[in-house]
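If you want the building blocks of each chain, they are given just below.
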Amino acid sequence: MLVFEELKQRLTAHYSEMVDLKDAIAYDSTKMEIDKLEYKTAENSFGMTLKNRRRFFRSLVH
């Protein structure tokens, strides 16, 4: 239990730095984009035609 408390204190001490890192890497917007892409690929109507595959992979790069 002592090890757990020590680790908890160390993490808590770095909380603001972790929030800054999360903001710097745009975690929330990247997560939303990933969720949208996963939903899009799971849709039955998406249909992986050659044109759609190119559009999908281009969206990943840009």
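The structure under discussion appears in the preceding block.
Basis of the calculations
Residue numbers run consecutively from 1 along every chain, following the written order of its sequence. Where totals are concerned, whole chains, interfaces and linings use all residues; where local detail is concerned, this predicted model gives features only for residues with pLDDT of at least 70, and gives and counts side-chain atom pairs only at 80 or more. Side-chain metrics in this entry use all non-hydrogen atoms of the structure; hydrogen atoms and water are not considered. Starting at the N terminus, helices and strands are each numbered in turn, a helix being any DSSP run of H or I of at least four residues and a strand any DSSP run of E of at least two. Buried residues are those whose accessible area, probed at 1.4 Å on protein chains only, stays under 20% of the maximum for their type, while exposed residues exceed 50% and partly exposed ones sit between those limits. Per-residue and other accessible areas were derived by the Shrake-Rupley procedure at a 1.4 Å probe size, with only the shown protein chains allowed to occlude residues. By definition, no residue in a patch forms a salt bridge, and every one has over 30% relative accessible area; like charges are joined within 9 Å, nonpolar side chains (Val, Leu, Ile, Met, Phe, Trp, Tyr) within 5 Å. Here, a salt bridge means any side-chain nitrogen of Lys or Arg that lies within 4 Å of a carboxyl oxygen of Asp or Glu. In summary, the charge assignment counts Lys and Arg as positive and Asp and Glu as negative, without counting His or the chain termini. The atom standing in for a charge is NZ when the residue is Lys, CZ when it is Arg, CG when it is Asp and CD when it is Glu. Here a helix's expected span is defined as the number of its residues, less one, multiplied by 1.5 Å.

Student: Quick question: what am I supposed to make of the overall build of the chain here?
Tutor: Secondary structure summary: the chain contains four helices and zero strands in total. In sequence order, the chain lays out its α and β elements as α-α-α-α. A burial count over the chain gives 6% of its 62 residues as buried. Approximately 5900 Å² of the chain is accessible, and the part contributed by carbon and sulfur atoms is 61%.

Student: How should I be thinking about a positive patch on the surface in this particular structure?
Tutor: Taken together, K40, K51, R54, R55 and R58 make up a surface patch of like positive charges. Per-element accounting of the positive patch gives the leading share, four residues, to helix α4 (residues 50–61). Tracing the backbone shows R58 in helix α4.

Student: Please explain the pattern of salt bridges as it appears in this structure.
Tutor: Pairing is possible between side chains that carry opposite charge, provided their charged atoms lie close to one another. Scanning the model with the defined rule gives three salt bridges in all. Between D28 and K22 there is a salt bridge, with the nearest N and O atoms lying 3.6 Å from each other. Judged by relative accessible area, which is 44%, D28 ranks as partly exposed. Judged by its relative accessible area of 36%, K22 is partly exposed. Note that D35 and K31 form a salt bridge whose closest N and O atoms lie 3.0 Å from each other. Placement of the pair is D35 and K31 together in helix α3 (residues 27–42), with a separation of four residues, close to one helical turn.

Student: I'm lost on helix α1 (residues 2–13) in this one. Help?
Tutor: For α1, which comprises twelve residues, the first-to-last C-alpha distance of 17 Å matches the rise-based estimate of 16 Å (1.5 Å per residue) to within 8%. α1 sits mainly on the outside: zero of its twelve residues count as buried.

The quantities given are spatial measurements derived from coordinates; they are silent on function.
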